[in-house]
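Okay, here's what each chain looks like letter by letter:
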Amino acid sequence: MIPGPTMVNSRVLRVLSKPTLSHVSPAFVDIFDEAIGNLKKIFMTKGDVLIICGSGTLAVEMAVANIVEPGDKVLVVINGLFGERFAEICARHKAAVTRLNVDWGKVVDPERISEELVKDDYEALFVVHVDTSTGATNKIREIGDITKHSDTLFVVDTVCSLGGMEVRVDDWNIDICAAGSQKAIAVPPGLALLAVSEKALKKCEGRSEPVDFYYGDFQNWIPVMKAPRKYFATPAVNMVYALDESLKMILTEGLENRFRRHEAIAKSFRAAVKSMGLDLVPDETVAANTLTVVRYPNGVNDADFRGVMAEEFKVIVAGGLGPLKGKCFRVGHMGNVSVTDITATIGAIEMTLQKLGYHVKPGTGLESAEEVFMENSNLI
Ligand SMILES: *Cc1c(COP(=O)(O)O)cnc(C)c1O
């Protein structure tokens, strides 16, 4: 139950073991083409998408490297570890970085972005949709309305939301959207996924120097994505099978149904932990539907809690990151996670807390979760 890699369906695991075809064979080209077409539906874009061998961080770094030139002014929203990373990556690519710091667990007020963007000529704005260190969801749609009429490019890290929460690349005016395969897309780790707008490509074409990252240069990859029989660098053939299979399963479930399933599971999990007297790290109004970050009550030790959860109940949850290390645990409920997976997790949390001396009446969390499920049974 960690926030990635997530559980992979056996249908997806099975296609990984199919023979590795030539990357330019018609049979593979068909599969690659289908995956690219379906990925556009997941990103909700008519623009270009990219499927590249690497993890989510590669997608994020490609986004930065392709548009940032040395000395470019960029604005980075930092409300968690992955916002911090965005700023680090921008600095590595020699951008002049302005950091818009927000308390961890809170989200940036779009008003603050409006105010900041008029102060300077920013080439790009970088925002993490769901920061996996806090479980808070930035207001991407509202922010996109602000950057829409400016020259500033809007770059969003949706590694922890794409496929589980609404992300509308075209409608929300996202110029580059970065994601990975192993979270709500429910494929093993190994693929970086991107959507790139025309506005972003124009900026790339107008660069004074070539992109300082040969493997990650959009100009090298976009011809391949338009005609997958072309070669630039060998695609991860079996991983593309896996992605293709999972995207088909996602579209069969239906994106809207999938978002509602994630919502119902997230709501019931939040209700359960609150009824046990535990606090969430993010403000509840902005809590993500793909993972929940929960503060430990006084007296409950991180290593003990996760140890008992894993050893006695076989439920793996993640620890806190950065300044939240040791103070919270993180539960991923995205991708293939079902109602029964989350109720089993809630039961395990109740029993673990009791074993560690924290008083919780048996069934408290489960009762709250069930109530929410029954009210939202139309969602699943
Ligand atoms: C997981 C994650 C990343 C990094 O992805 P990797 O696949 O681990 O490289 C970046 N941003 C967010 C929001 C994430 O959740």
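Please refer to the structure placed before this passage.
Keep in mind that this is a model prediction, so the values were computed, not measured. (Residues numbered from 1 in each chain as written. Predicted model: local features only at pLDDT ≥ 70, side-chain atom pairs only at ≥ 80, totals over all residues. Heavy atoms only, no water.)

*Asks:* Is there a simple way to explain the overall build of the chain in this structure?
*Replies:* Helices and strands together make up the secondary structure of the chain, namely 13 helices and 12 strands. Computed over the C-alpha atoms, the radius of gyration of the chain is 21 Å, within 12% of the 21 Å expected from 2.2 N^0.38 for a compact globule of 380 residues. Looking at the 380 residues of the chain, the share that counts as buried comes to 60%. A separation of at least 24 residues holds for 72% of the contacts in the chain among residues at least 6 apart in sequence. Counting every atom, the chain has about 15,600 Å² of accessible surface; 50% of that belongs to carbon and sulfur. If the 41 positive side-chain charges of the chain are averaged to one point and the 49 negative ones to another, these points end up 3 Å apart. (Helix = DSSP H or I, 4+ residues; strand = E, 2+ residues; numbered from the N terminus. Rg over C-alpha atoms; globule rule 2.2 N^0.38 Å. Buried < 20%, exposed > 50% of the residue type's maximum accessible area, 1.4 Å probe, protein only. Contact = heavy atoms within 4.5 Å. Areas by Shrake-Rupley, 256 points an atom, 1.4 Å probe, with all protein chains shown as cover. Lys, Arg positive; Asp, Glu negative; His and termini not counted. Charge placed at Lys NZ, Arg CZ, Asp CG, Glu CD.)

*Asks:* I tried to follow the environment of Val-167 on my own but got confused; where do I start?
*Replies:* With respect to the helices, strands and loops of the structure, Val-167 is situated in the loop between β7 (153-157) and β8 (176-180). Beyond its immediate chain neighbours, meaning those up to four positions away, Val-167 contacts Ile-42, Phe-43, Met-44, His-129, Thr-158, Ser-161, Leu-162, Trp-172, Ile-174 and Cys-177.

*Asks:* What should I look at first to understand the sheet that holds strand β9 (residues 191-196) in this one?
*Replies:* Backbone hydrogen bonds hold the strands of a sheet together, and the pairing may be parallel or antiparallel. In space, the seven strands of this open sheet follow the order β1-β9-β8-β7-β4-β2-β3, with mixed pairing throughout. If you trace the sheet from one side to the other, it starts and ends with β1 (48-53) and β3 (96-101), each paired once. Neighbour-to-neighbour, the strand axes of the sheet open up by a mean angle of 20°, direction not taken into account. Where β8 and β9 come together, five bridges link them in antiparallel fashion. Pairing of Gly-180 across the sheet is with Ala-192, part of β9. Helix-sheet contacts for helix α5 (residues 110-117) involve β2 (73-78), β3 and β4 (124-128), and the interaxial angle to β3 is about 150°. (Pairing = 2+ DSSP bridges. Axes fitted to C-alpha atoms, helices over the stretch in contact; angles between N-to-C directions.)

*Asks:* Got a minute to help me understand the side chain of Asn-289 in this structure?
*Replies:* Topologically, Asn-289 is positioned in the loop between α10 (255-275) and β10 (291-295). Here the side chain of Asn-289 touches Arg-270 through a polar contact of 3.4 Å, side chain to side chain. Those residues within four positions of Asn-289 in sequence are excluded, and the remaining contacts are Met-165, His-262, Glu-263, Ala-266, Arg-270 and His-333. (Polar contact = N/O pair within 3.5 Å; in protein donor to acceptor, adjacent residues only side chain to side chain.)

*Asks:* Would you take a moment to explain the nonpolar core for this structure?
*Replies:* The nonpolar side chains of a soluble globular protein tend to be buried with one another. Core analysis: the biggest nonpolar cluster contains 94 residues, and Phe-43, Leu-50, Ile-51, Phe-126 and Phe-218 have the highest contact counts within it. Counting residues per element, this core draws most heavily on helix α9 (residues 237-253), which supplies nine residues. Once you skip the residues sitting within four places of it in the chain, Phe-43 turns out to touch Val-49, Thr-158, Leu-162, Val-167, Arg-168, Val-169, Cys-177, Ala-179, Leu-193, Leu-194 and Ala-195. Met-1, Ile-265, Phe-269 and Tyr-296 belong to the second-largest nonpolar core, a separate cluster that totals 28 residues. (Core = buried A, V, L, I, M, F, W, Y, C linked by side-chain atoms within 4.5 Å.)

*Asks:* Is there a simple way to think about the pattern of salt bridges in this case?
*Replies:* Opposite charge on two side chains permits them to pair, given that their charged atoms come into close proximity. Within this structure, the stated rule accounts for 22 salt bridges. Where Lys-267 meets Glu-263, a salt bridge forms, and the shortest distance between an N and an O atom there is 3.1 Å. Here Lys-267 pairs with Glu-263, and both are found in helix α10, just four residues apart, close to one helical turn. The partly exposed category is assigned to Lys-267, whose relative accessible area is 33%. Salt bridges sharing common partners tie together Arg-11, Glu-34, Asp-244, Glu-245 and Lys-248. (Salt bridge = Lys/Arg side-chain N within 4 Å of Asp/Glu carboxyl O.)

*Asks:* Mind showing me how you'd approach helix α13 (residues 364-375) here?
*Replies:* In an α-helix there are 3.6 residues to a turn, and that puts residues three or four apart on one side. If you check α13, its first and last C-alpha atoms are 17 Å apart, about what 12 residues at 1.5 Å a residue would give, namely 16 Å. Turning to α13, its buried residues are Thr-364, Gly-365, Ser-368, Ala-369, Val-372 and Phe-373. For α13, the angular spread of buried residues about the axis comes to 165°, placing them on one side. Taken together, the buried residues of α13 touch α10 and α12 (339-355). (Expected span 1.5 Å × (residues − 1). Arc of directions from axis to C-beta.)

*Asks:* Any chance you could explain the packing of aromatic side chains here in plain terms?
*Replies:* For any pair of aromatic rings, the description rests on two quantities: the centre-to-centre distance and the angle between the ring planes. Scanning the entire structure with this criterion turns up nine aromatic pairs. Here the aromatic rings of Tyr-215 and Trp-221 are separated by 5.5 Å at their centres, their planes lie at 90°, and the arrangement is edge-to-face. Its relative accessible area of 28% is what places Tyr-215 among the partly exposed residues. Judged by its relative accessible area of 2%, Trp-221 is buried. A ring pair is formed by Phe-305 and Phe-329, whose centres lie 4.5 Å apart and whose planes are at 35°; its orientation type is tilted. Placement of the pair is Phe-305 in helix α11 (residues 302-313) and Phe-329 in strand β12 (residues 328-332), with a sequence separation of 24 residues. An identical accessibility class is assigned to Phe-305 and Phe-329; each is buried. Clustering of aromatic rings is evident, with ring pairs tying together Tyr-214, Tyr-215, Trp-221 and Phe-232. Taking the ring centre of Phe-82 as reference, the NZ or CZ of Lys-183 above it sits at 5.7 Å. (Phe/Tyr/Trp six-rings, centres within 6.5 Å; stacked < 30°, edge-to-face > 60°. Lys NZ or Arg CZ within 6 Å of the ring centre and 35° of its normal.)

*Asks:* I'm lost on a negative patch on the surface in this one. Help?
*Replies:* On the surface, Glu-367, Glu-370, Glu-371 and Glu-375 cluster together into a negatively charged patch. Locating Glu-371 in the fold gives a position in helix α13. (Patch = residues over 30% accessible without salt bridge, like charges linked within 9 Å, V, L, I, M, F, W, Y side chains within 5 Å.)

*Asks:* Could you clarify how one ought to interpret the sheet that holds β12 in this entry?
*Replies:* Within the open sheet, the three strands sit side by side as β10-β12-β11. Their pairing is antiparallel. Each edge of the open sheet carries a strand with a single partner, namely β10 and β11 (318-319). Note: β11 against β12, two bridges, orientation antiparallel. In the sheet register, Gly-319 faces β12, and the bridge partner there is Phe-329.

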